[in-house]
Amino acid sequence: MKTRWIGTSWKMNKTSDEVAAFCQQILPALQGCPEWIQSFLIPPFPYVQQVGEALDSVDTLTGVQNICWAEQGAYTGEVSAKMAKDIGASLVEIGHSERRELFNESDHTVNLKVHAALEQGLMPLICVGDSLEEKRWGVSLESIVRQVKIALHGVSPEQLARVWIAYEPVWAIGEQGIPASAEEAESGLAAIRAGVRQCFGEACAEHTVLLYGGSVNPDNAAELLQQPNIDGLFIGRSAWQAEGYAQLLQIAASVDNEVACV
Ligand code: PGA
């Protein structure tokens, strides 16, 4: 069976009471997941440990939404990869379009953070995406492949085995987002896999974990998961309530996994 990665980042949402309620409500769904579904949750920093402890009995990975590229020192307000690891995170989201747009994150800092994560044994979940302008200009694929190649610059083939990449078209994310069609998502991820192949060869590219994110919901999840280059889903709003996340896990469990194999 091919592993399916199904997870969510809460962005800057929830309080500790809401986190506790979510964890309690989602537990039965996580316990009932087939072992080939890898669930993951990316809460805001203050709740990473709480989520890890509440879901200790199930095989769910927890992550953080950002790290600093530096190891330690005079970086007020920042959190290092080592600190994230220390509070139980096993993955780190890097380069989400909100970070790129609102906090001036560049392809270069994304690359620095990927290295910082890998050095501390965190798995980087690298987010790349094309803007609406790039889509209109017909340069979406060039743009996302460029972002991927810079993010992975200097990464070894051994390290690549611990990297996840999410294609999240900027035009598909959030309230105003228009979900990508399954074909659009697949063509973006096929281009990303081809870019990884160019840099690391066929064997590495074949095993790289590729996710789609951007207005994933119960109506489009199954079709997205049936695309050959989509290994999993990175979900926002639709999985912020336990009921929604449980529904998406159930959909993933019901997709014909053999058909979906690359
Ligand atoms: P959305 O968010 O599913 O709410 O569009 C996706 C994301 O930002 O990763």
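Counting of residues starts from 1 at the beginning of each chain's written sequence and follows it residue by residue. The predicted nature of this model means local features are confined to residues of pLDDT at least 70 and side-chain atom pairs, given and counted, to a pLDDT of 80 or more, with totals for whole chains, interfaces and linings taken over all residues. Working from all heavy atoms in the structure, the side-chain values ignore hydrogens and water.

Peer 1: What is the right way to look at the nonpolar core in this model?
Peer 2: For our purposes a nonpolar core is just a set of buried Ala, Val, Leu, Ile, Met, Phe, Trp, Tyr and Cys residues, chained together by side-chain atoms within 4.5 Å. Type-normalised accessible area, obtained with a 1.4 Å probe on protein chains alone, sets the label of each residue: buried when under 20%, exposed when over 50%, and partly exposed for intermediate values. Counting residues in hydrophobic clusters, the biggest one holds 68 residues, and the most contacted among them are L152, I192 and Y212. The contact partners of I192, leaving out residues within four places of it in the chain, are V128, I144, V145, V148, I165, Y167 and L210. The next biggest cluster of nonpolar side chains, apart from the first, holds 13 residues, and it includes F40, L61, M123 and C127. Only heavy atoms matter for contacts: two residues are in contact if any of them lie within 4.5 Å across the pair.

Peer 1: Teacher, can you tell me more about the packing of aromatic side chains here?
Peer 2: Aromatic ring pairs are described here by two measures, namely the spacing of the ring centres and the angle between the planes. Paired rings are identified among Phe, Tyr and Trp, the last through its six-membered ring, by centres lying within 6.5 Å, and are further divided according to the angle between planes into stacked (under 30 degrees), edge-to-face (over 60) and tilted (the rest). Counted by the stated rule, this structure contains seven aromatic pairs. For the pair F40 and F234, a centre-to-centre distance of 5.7 Å together with 35° between the ring planes defines the contact as tilted. With F40 in strand β2 (residues 37–42) and F234 in strand β8 (residues 232–235), this residue pair connects regions lying 194 residues apart in the sequence. What makes F234 buried here is its relative accessible area of 3%. Members of the aromatic cluster, connected to one another through ring pairs, are W5, F40, W164 and F234. Above the face of the W10 ring, K14 is positioned so that its terminal group lies 5.1 Å from the ring centre. Remark: a charge is flagged as sitting over a ring if the NZ atom of Lys or the CZ atom of Arg is within 6 Å of the ring centre and within 35 degrees of the ring normal. The ring of W171 has K135 sitting right over it, with the charged end atom 4.1 Å from the ring centre. Numbered from the N terminus, helices here are DSSP runs of H or I no shorter than four residues, and strands are runs of E no shorter than two.

Peer 1: What should I look at first to understand unusual backbone geometry in this one?
Peer 2: Even without being glycine, K11 reaches a positive phi, approximately 55°. Note on placement: K11 falls in the loop between β1 (4–9) and α1 (16–31). Located in the positive-phi region is S215, a residue other than glycine, with phi close to 55°. One can find S215 in the loop between β7 (209–213) and α11 (221–225).

Peer 1: Where do I start with the sheet that holds strand β3 (residues 60–64) in this structure?
Peer 2: Sheet strands pair via backbone hydrogen bonds, and the direction of the pair is either parallel or antiparallel. If you walk around this closed barrel you meet the eight strands as β1-β2-β3-β4-β5-β6-β7-β8, and the pairing is parallel. For this sheet, the mean angle separating the axes of adjacent strands, direction not counted, is 25°. The rule for pairing is simple: two strands pair if DSSP sees at least two bridges between them. As paired strands, strand β6 (residues 164–167) and β7 are joined by four bridges and run parallel to one another. Each bridged residue has a counterpart across the sheet, and for Y167 the counterpart in β7 is Y212. Axes here mean lines fitted to C-alpha atoms, for a helix over just the part in contact, with angles spanning 0 to 180 degrees between N-to-C directions. On the sheet, helix α9 (residues 182–200) packs against β5 (123–128), β6 and β7 and is oriented at approximately 145° with respect to β6. Where helix α12 (residues 242–254) meets the sheet, it contacts β1, β2 and β8, and its direction lies at approximately 155° from that of β2.

Peer 1: Teacher, can you tell me more about the site of the ligand here?
Peer 2: Any residue with at least one heavy atom within 4 Å of a molecule or strand is counted as near it. The full set of residues close to the ligand is K11, H96, E168, A172, I173, G174, G214, S215, G236 and R237. One nitrogen or oxygen atom from the main chain of G174 is found 2.8 Å from an oxygen atom belonging to the ligand. Contact distances for the ligand include 3.0 Å between an oxygen atom and a backbone N or O atom of G236. Here the term charged refers only to Asp, Glu, Lys and Arg, the term nonpolar to Ala, Val, Leu, Ile, Met, Phe, Trp, Tyr, Cys and Pro, and the term polar to all other amino acids, Gly among them. Along the lines of polarity and charge, the residues of the shell around the ligand split into two nonpolar, five polar and three charged. Pairs of N or O atoms are called polar contacts if they sit within 3.5 Å, as long as, within protein, a hydrogen donor faces a hydrogen acceptor (for residues adjacent in sequence, only side-chain-to-side-chain pairs).

Peer 1: Help me out: how do you make sense of the side chain of E134 in this one?
Peer 2: Position of E134 relative to the elements: it lies in helix α6 (residues 132–137). Within polar-contact distance, the side chain of E134 engages the side chain of S143 at 3.0 Å.

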